[in-house]
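# Commentary on secondary and tertiary structure
So you can see what is in the structure, the chains are spelled out below.
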Amino acid sequence: MTIKNFFWHTENDTQQWAYKLAQYWLHSKQVVNMLIFLHGDLGAGKTTFVRYLLRSLGVTGRIKSPTFAIVESYDTTIGKLWHFDLYRFNNPQEWLDAGFSEICTINGVKLIEWPENAAHYLPVADWDIYLKQSGDANENSRQIQVKANTQHGKEVLNALHGN
Ligand code: ADP
Ligand code: MG
């Protein structure tokens, strides 16, 4: 496992970090296929990060939080992207019942908020991203930890943010 820590002191930092990842994918010679879990309390910035990512990938128009729909899918400059929010799951079994496991087998980017609500039904993510408010005077500051669990996840993290 590779772990890296970051600070997103302002939303601009969040936007730039997302942009850098989007650029990596855009210039990648492989088919983009990545599973990313987003962990953090309500208001931590999970959806905001995904929005900046989608903007960097050419998605215009309104980007809804999938809190009610559970999943939103997008056609982007790098292919398909699925944005899940499992906040409203009452039972991990709902992941299977909704047929979502199948989506994880399709090439593309899958970002999942509240992955803990689907528990062991989810495959291992390439990245776990942990977001939290820094607790300092700056309410816009976020402390970020990225854990790369797979070989692919490690490669992308190292390529973007050094060894
Ligand atoms: P979550 O999806 O984790 O519940 P949201 O992204 O919906 O959280 O909300 C995060 C809120 O925090 C938004 O209102 C956003 O504008 C604000 N915010 C302030 N600073 C940041 C930052 N550095 N990164 C992300 N969001 C930030
Ligand atoms: Mg959210």
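Described in the following lines is the structure provided in the data block. Given the structure is predicted, the values throughout are model-derived calculations rather than measurements. (Residues numbered from 1 in each chain as written. Chains lettered and ligands numbered in written order. Predicted model: local features only at pLDDT ≥ 70, side-chain atom pairs only at ≥ 80, totals over all residues. Heavy atoms only, no water.)

## Here's the deal with the coordination of the magnesium ion (ligand 2)
Heads up, the condition is: Sites may look incomplete because water is not among the atoms; the donors themselves are N, O and S atoms within 2.8 Å of the metal, or within 3.2 Å for Na, K and Ca. Secondary structure elements are defined from DSSP: runs of H or I of at least 4 residues count as helices, runs of E of at least 2 residues count as strands, and each element is numbered from the N terminus. Exposure classes here rest on a 1.4 Å probe applied to the protein chains alone. A residue is buried below 20% of its type maximum, exposed above 50%, and partly exposed in between.
Those donors, Thr47 (OG1) and Glu113 (OE), are the protein atoms that reach the magnesium ion (ligand 2), and they lie 2.1 to 2.2 Å from it. Taken as a pair, Thr47 in helix α2 (residues 46-56) and Glu113 in strand β5 (residues 109-113) lie far apart in primary sequence, 66 residues in all. For the residue pair Thr47 and Glu113, the accessibility class agrees, reading buried in each case.

## Examining the site of ligand 1
Using the following cut-off: Each residue is tested against the molecule or strand, and it is near if at least one of its non-hydrogen atoms lies within 4 Å. Pairs of N or O atoms within 3.5 Å make up the polar contacts considered here, provided that, within protein, one atom can donate a hydrogen while the other can accept it, and that residues adjacent in sequence are counted only when both atoms are side-chain atoms. Under the convention used here, a 1.4 Å probe and the Shrake-Rupley method define accessible areas, while residue burial counts only the protein chains that appear.
Neighbouring ligand 1 are 15 residues, the closest being Glu11, Thr14, Lys46, Thr48 and Asn140. In this structure, Gly43 approaches ligand 1 through a main-chain N or O atom, which is 2.8 Å from an oxygen atom. Measuring from an oxygen atom of ligand 1, one finds a backbone N or O atom of Gly45 at 2.9 Å. Computed on the free molecule, ligand 1 has an accessible area of 570 Å², of which 76% lies beneath the protein chains in the complex. Among the secondary structure elements, those contributing two or more residues to the shell around ligand 1 are α1 (11-27) and α2.

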